[in-house]
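In case you want the letters, here they are:
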Number of protein chains: 2
Amino acid sequence: MPGKAHVTIQDIARKAGVGVGTVSRVLNDAPNVNPQTRQLVQAIMAEVGYRPRTAAQTLRTHKTHEIGFITDEIASTPFAVDVIRGAQDAAWAHGKILILINTNRNPDVLHAALETMLERQVEGIIYAAMFHQPVQLPITVCELPAVLVDCYVEDRTLPSVVPDEVTAGRLATATLIERGHRRIGFINNNEATPAAVGRLAGYRQALAEAGIPFDPLLLCPEASDPDGGYRSVQRLRQQPDPPTAIFCFNDRMAMGAYAALRDLKLAIPHDVAVLGFDNQEIIAANLRPGLTTMQLPHYAMGQWAIQYLVGEASEAENSHPPQVQLACPLVLRESV
Amino acid sequence: MPGKAHVTIQDIARKAGVGVGTVSRVLNDAPNVNPQTRQLVQAIMAEVGYRPRTAAQTLRTHKTHEIGFITDEIASTPFAVDVIRGAQDAAWAHGKILILINTNRNPDVLHAALETMLERQVEGIIYAAMFHQPVQLPITVCELPAVLVDCYVEDRTLPSVVPDEVTAGRLATATLIERGHRRIGFINNNEATPAAVGRLAGYRQALAEAGIPFDPLLLCPEASDPDGGYRSVQRLRQQPDPPTAIFCFNDRMAMGAYAALRDLKLAIPHDVAVLGFDNQEIIAANLRPGLTTMQLPHYAMGQWAIQYLVGEASEAENSHPPQVQLACPLVLRESV
DNA sequence: CTGTTAGCGCTTTCAG
DNA sequence: CTGAAAGCGCTAACAG
């Protein structure tokens with residue numbers, strides 16, 4: 001007598017003195033079952049610790065309740081986990097489970113990952129990049145519903161959800177303008193990413209709306225780290241008519257800006273207001289004074305991706321794959 | 001004629017003029033197949049884009065190649081993703097795929113998650129906590145191989161992998177001693193976690209090994225945030241014989257220590273050396289001078305968990321579940 | 001080396 | 001309301 005075999009629907013059918021069909025029905029909460037019978041069957045199931053085998057159900061129904069989640073690289077940014085969290089929470093709420101594969105930016109792995117997911121018959125695929133960027137994907141993705149998170153394909157043939165960089169840049173700048181500032185410096189990332197381009201557009205838009213002319217002297221493209229922020233502030237403050245407020249591409253640059261301002265004996269926000277981007281708690285909440293900053297909608301993007309995938313069926317072949325932009329909330333602290 | 005049905009092994013068998021058995025054999029790289037036949041079959045498979053259905057294989061073989069990964073809460077610490085990365089990379093290397101469920105510390109979700117994984121017949125379960133701690137788990141886990149990451153059960157009945165806090169505390173302190181310091185302050189977390197208790201033990205051990213008497217005045221239990229670090233340094237430096245080196249429970253406290261030292265016009269490391277814990281890049285690499293700190297083996301723990309699960313079969317009912325402690329490497333920068 | 005034949009455990013008509 | 005029967009797509013003997 002080998003190790004105890006798996007308890008099947010047959011076993012419990014026999015013990016209950018009913019047919020397997022009936023057992024299957026109570027298992028799936030089908031309505032047409034005699035309450036008495038149902039109770040009996042359930043009791044026996046509980047007693048023997050019966051557990052349906054997912055593989056068998058899947059083979060029969062062709063429903064896996066799985067969603068593939070592929071990332072280019074999980075690690076890079078600390079808040080990127082929020083995308084996973086958002087997706088995971090939403091998936092669980094919808095009775096779906098997440099299959100996770102990290103490609104480490106390796107095209108071969110990506111290809112294999114896609115293949116694996118196709119073989120598993122996942123119900124949809126989420127491809128998440130760790131920062132807002134255009135991507136190229138093997139066409140295979142098209143074989144089933146897919147959503148891009150924090151990235152998009154140039155030809156827009158795949159649905160995608162990204163942060164609304166322009167509005168965020170505009171909101172950040174407008175916040176500074178509302179505080180009475182007219183000379184607002186923008187320390188931008190010197191790489192032409194969607195984030196840099198979008199936020200700059202938003203910055204100019206806010207300026208225009210307030211009737212403030214754009215001054216190229218106030219724009220500082222730099223390396224997106226603390227040093228870049230430090231150098232930019234030095235440069236900015238050397239000008240004849242220096243900015244009284246500074247909008248930084250990210251919190252790390254803002255960190256450098258704080259250091260530069262301190263070295264220049266300038267008080268925040270009294271002498272110069274500073275506004276960051278990313279809301280990296282470790283920086284934003286711990287800087288003195290607390291850094292006012294914009295928050296990326298990572299959790300919301302992960303959530304949206306799942307919701308789109310789950311609801312997609314009802315939309316039946318929508319003409320254009322949606323290209324959604326999610327708002328970046330302002331996190332107000334004491335630096336403006 | 002409905003939407004094209006899935007291409008099965010039967011289809012390709014027919015097209016190739018062979019039996020399904022043969023097709024199955026080439027699919028599984030079985031040795032006993034005529035090279036000619038194999039090529040033919042493979043060609044046809046490629047041509048029609050055949051893809052084996054995982055569910056069918058699983059139902060038949062009872063092998064899922066899945067490993068469940070359960071976390072208590074993904075978000076809290078930014079470096080926690082490294083555990084996932086380590087596990088994911090190792091899993092992929094072993095042909096296993098990860099099923100991810102985040103419980104948000106909800107016992108009901110945990111229970112349901114376990115149930116789901118059992119139904120899926122995962123080959124093993126990893127339960128990862130987001131910081132080193134004892135945990136309680138429903139016994140269900142015992143039904144299949146499980147590994148605890150960054151946590152353990154009090155009775156040690158489940159294998160677990162955690163950071164070697166004692167050795168880390170000893171190494172950190174010894175590093176300071178080597179630099180010639182005799183008065184070494186330890187700003188510890190004021191909660192009695194394994195990390196706090198272990199590192200303190202290591203601190204005392206290193207002191208003892210160097211023949212330096214332990215001075216309770218140099219021990220500062222505090223809230224593990226920048227403010228706690230700031231306050232501690234103020235207190236420590238007020239003493240008649242103040243420490244010339246400070247070991248901080250984490251980088252955030254070290255961040256506060258830097259601020260306090262700056263306010264006291266004390267230079268790092270010239271006047272006072274500072275050593276942190278966690279190697280949170282955003283802090284450690286950006287502080288001036290760069291913070292020397294200890295690194296938690298997150299990636300390695302995730303990796304170890306998978307390797308244990310995969311290799312476990314060969315160990316055949318080992319008497320005691322292993323309780324592994326992984327080393328925390330020292331990351332040398334300029335603060336000591 | 002290869003075709004045939006049983007099922008894996010479950011769902012789903014189809015008759016009662 | 002319920003039992004019986006037919007597979008889902010694949011693997012694994014078992015005879016050739």
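Residues numbered from 1 in each chain as written. Chains lettered and ligands numbered in written order. Predicted model: local features only at pLDDT ≥ 70, side-chain atom pairs only at ≥ 80, totals over all residues. Heavy atoms only, no water.

Caption draft 1: Examining the overall build of chain A more closely. Within chain A, the regular secondary structure consists of 12 helices and 12 strands. A compact globule built from 336 residues should have a C-alpha radius of gyration of about 20 Å, whereas chain A, at 27 Å, is more than 25% larger. Long-range contacts, defined here as pairs at least 24 residues apart, represent 70% of the contacts in chain A between residues at least 6 apart. A total accessible area of about 14900 Å² is found for chain A, and carbon and sulfur atoms account for 53% of it. Taking the average location of the 28 positive side-chain charges in chain A and that of its 35 negative ones, the two points are 6 Å from each other. (Helix = DSSP H or I, 4+ residues; strand = E, 2+ residues; numbered from the N terminus. Rg over C-alpha atoms; globule rule 2.2 N^0.38 Å. Contact = heavy atoms within 4.5 Å. Areas by Shrake-Rupley, 256 points an atom, 1.4 Å probe, with all protein chains shown as cover. Lys, Arg positive; Asp, Glu negative; His and termini not counted. Charge placed at Lys NZ, Arg CZ, Asp CG, Glu CD.)

Caption draft 2: Summary view of the protein's contact with DNA strand C. Around DNA strand C, the surrounding shell holds 30 residues, and the nearest of these are Ile 9, Tyr 50 and Arg 60 of chain A together with Thr 22 and Thr 37 of chain B. Ile 9 of chain A is positioned such that a nitrogen or oxygen atom in its backbone is 2.6 Å from a phosphate oxygen of DNA strand C. Breaking the surface near DNA strand C down by element, the ones donating at least two residues are helix H2 (20–27) and helix H4 (54–61) of chain A together with helix H2 (20–27) and helix H4 (54–61) of chain B. Along the lines of polarity and charge, the residues of the surface near DNA strand C split into 9 nonpolar, 15 polar and 6 charged. (Near = heavy atom within 4 Å. Polar contact = N/O pair within 3.5 Å; in protein donor to acceptor, adjacent residues only side chain to side chain. Nonpolar A, V, L, I, M, F, W, Y, C, P; charged D, E, K, R; others polar.)

Caption draft 3: Inspection of the domain arrangement of chain A at higher detail. Domain annotation for chain A reports domain 1 (4–52), domain 2 (58–161 + 298–325) and domain 3 (165–295). Each of domain 1 of chain A and domain 2 of chain A has a C-alpha centre, and the two are 36 Å apart. (Domains from an automatic or database assignment.)

Caption draft 4: Spotlight on helix H5 (residues 81–93) of chain B. Residue and element names in this part refer to chain B. Between the first and last C-alpha of H5 there are 18 Å, a value that for 13 residues agrees with the 18 Å anticipated at 1.5 Å per step. With respect to burial, H5 is a largely interior element, 10 of its 13 residues being buried. Val 81, Asp 82, Val 83, Ile 84, Gly 86, Ala 87, Gln 88, Asp 89, Ala 90 and Ala 91 are the residues of H5 that are buried. Of the residues trailing H5, Gly 95 is marked for its positive phi of about 75 degrees. (Expected span 1.5 Å × (residues − 1). Buried < 20%, exposed > 50% of the residue type's maximum accessible area, 1.4 Å probe, protein only.)

Caption draft 5: Region of interest: the packing of helix H1 (residues 9–16) of chain A against H2 of chain A. All names here are of chain A. Between H1 and H2, whose axes approach to 8 Å, the crossing angle comes to 110 degrees. In terms of their interaxial angle, H1 and H2 are classed as roughly perpendicular. Mapping the contact onto sequence places Ile 9, Gln 10, Ile 12 and Ala 13 in H1 and Val 20, Val 23 and Ser 24 in H2. (Axes fitted to C-alpha atoms, helices over the stretch in contact; angles between N-to-C directions. Parallel < 35°, antiparallel > 145°, perpendicular 65-115°, else oblique.)

Caption draft 6: Geometry of the sheet that holds strand S1 (residues 66–71) of chain B. If you walk across this open sheet you meet the 12 strands as S11(A)-S5(A)-S4(A)-S3(A)-S1(A)-S2(A)-S2(B)-S1(B)-S3(B)-S4(B)-S5(B)-S11(B), and the pairing is mixed. Looking at the sheet topology across the chains shown, the edges are occupied by strand S11 (323–326) of chain A together with strand S11 (323–326) of chain B. When the angles between neighbouring strand axes are averaged without regard to direction, this sheet yields 25 degrees. Pairing of S1 of chain B with strand S2 (residues 97–102) of chain B involves 6 bridges; the strand directions are parallel. Its bridge partner being in S2 of chain B, Glu 66 of chain B is matched across the sheet by Ile 97 of chain B. Sitting on the sheet, helix H6 (residues 107–120) of chain B is in contact with strand S1 (66–71) and strand S2 (97–102) of chain A together with S1, S2 and strand S3 (124–134) of chain B, with an inclination near 175 degrees to S1 of chain B. (Pairing = 2+ DSSP bridges.)

Caption draft 7: Structural context of empty space enclosed by the protein. As enumerated under the stated definition, the model contains 3 cavities of 30 Å³ or more in all. Taken as a whole, the largest cavity spans an internal volume of roughly 140 Å³. Around the largest cavity, the lining residues are Thr 54, Ala 55, Thr 58, Thr 64, Glu 66 and Arg 120 of chain A together with Thr 54, Ala 55, Thr 58, Thr 64, Glu 66 and Arg 120 of chain B. Of the residues in the lining of the largest cavity, the class split is 2 nonpolar, 6 polar and 4 charged. (1 Å grid on protein atoms, 1.4 Å probe; cavity = no way out; pocket = protein on both sides within 12 Å on 5 of 7 lines; lining within 4 Å. Points joined across faces, edges and corners; volume = space filled by probe spheres on them.)

Caption draft 8: Representation of the relation of the copies chain B and chain A in the model. You can overlay chain B on chain A at an RMSD of 0.0 Å; the transform is a turn of 180 degrees with a shift of 0.0 Å along its axis. What the rotation and shift describe, once combined, is the action of a two-fold rotation axis. In this assembly, 100% of the residues forming the interface of chain B have copies in chain A that are likewise at the interface, indicating an isologous arrangement. (Least-squares fit on C-alpha atoms with pLDDT ≥ 70 in both.)

Caption draft 9: Representation of the environment of Leu 98 of chain A. Counting through the fold element by element, Leu 98 of chain A comes out in strand S2. When the C-alpha positions of Leu 98 of chain A and Ile 125 of chain A are compared, they lie 9.6 Å apart, and in sequence the two are 27 residues distant. With residues up to four places along the chain from it excluded, the contact list for Leu 98 of chain A reads Ile 67, Phe 69, Ala 87, Gln 88, Ala 91 and Ile 306 of chain A together with Leu 98, Ile 99 and Leu 100 of chain B.

Caption draft 10: Expanded view of the interface of chain B and chain A. Taken together, the contacts link 50 residues of chain B with 50 residues of chain A. Interface area for chain B against chain A, summed over the two sides, is near 4500 Å², with a carbon-plus-sulfur share of 61%. The three residues of chain B that bury the most area against chain A are Arg 51, Trp 92 and Ile 282 of chain B, which together make up 15% of that side's buried surface. Taken together, the connections running from chain B to chain A amount to 4 salt bridges. Of the charged contacts in the structure, one is a salt bridge between Glu 66 of chain A and Arg 120 of chain B, with a shortest N-O distance of 2.2 Å. In this assembly, chain B and chain A are joined by 14 residue pairs in polar contact (both at pLDDT 80 or more). Every element with two or more residues in the side of chain B that touches chain A is listed here: H4, H5, S2, H6, helix H9 (226–238), helix H10 (251–263) and helix H11 (281–284) of chain B. Considering every element that reaches the side of chain B that touches chain A, the biggest residue donor is H6 of chain B, with 8 residues. Looking at chain direction, S2 of chain A and S2 of chain B are connected through 3 bridges and run antiparallel. (Buried area = accessible area lost by both parts, 1.4 Å probe. Salt bridge = Lys/Arg side-chain N within 4 Å of Asp/Glu carboxyl O.)

Caption draft 11: Quick peek at the protein's contact with DNA strand D. Near DNA strand D you find 28 residues, and of these Thr 22 and Thr 37 of chain A together with Ile 9, Tyr 50 and Arg 60 of chain B are the closest. Atoms of DNA strand D within 4 Å of the protein: sugar and phosphate make up 60%, bases the balance. At a separation of 3.3 Å, a base nitrogen of DNA strand D approaches a polar side-chain atom of Arg 25 of chain B. Between DNA strand D and Asn 28 of chain B there is a distance of 3.3 Å, counted from a phosphate oxygen to a side-chain nitrogen or oxygen. Of all elements in the fold, only H2 and H4 of chain A together with H2 and H4 of chain B reach the threshold of two or more residues within the surface near DNA strand D. For the surface near DNA strand D, a count of residues per class yields 9 nonpolar, 14 polar and 5 charged.

Caption draft 12: Up close: the nonpolar core. Formed by 52 residues in total, the largest nonpolar core has its most connected members in Phe 69 of chain A together with Phe 69 of chain B. Residue contacts for Phe 69 of chain A: discarding those within four places in its chain leaves Val 83, Ile 84, Ala 87, Leu 98, Ile 99, Leu 100, Ile 101, Met 117, Ile 126 and Ala 128 of chain A. Leu 236, Ala 260 and Leu 287 of chain A together with Leu 261 of chain B belong to the second-largest nonpolar core, a separate cluster that totals 48 residues. (Core = buried A, V, L, I, M, F, W, Y, C linked by side-chain atoms within 4.5 Å.)

Caption draft 13: Local environment of the sheet that holds strand S9 (residues 273–277) of chain B. Spatially, the 6 strands line up as an open sheet ordered S7-S6-S8-S9-S10-S12 (chain B), and their pairing is mixed. Edge positions in the sheet fall to strand S7 (219–222) and strand S12 (330–331) of chain B, since each of these pairs with one other strand and no more.

Caption draft 14: Up close: the side chain of His 132 of chain B. All names here are of chain B. By the element assignment, His 132 lies in strand S3. A distance of 2.8 Å separates a polar atom in the side chain of His 132 from a polar atom in the side chain of Glu 165. Excluding residues within four positions of it along the chain, His 132 makes contact with Asp 150, Tyr 152, Val 162, Pro 163, Glu 165 and Pro 194.

Caption draft 15: Seen up close, the layout of surface pockets. There is about 930 Å³ of room inside the second largest pocket. If you go around the second largest pocket, you meet 34 residues; those closest to its centre are Arg 262 and Leu 287 of chain A together with Ala 259, Arg 262 and Leu 287 of chain B. Secondary-structure elements contributing two or more residues to the lining of the second largest pocket are helix H9 (226–238) and helix H10 (251–263) of chain A together with H9 and H10 of chain B.

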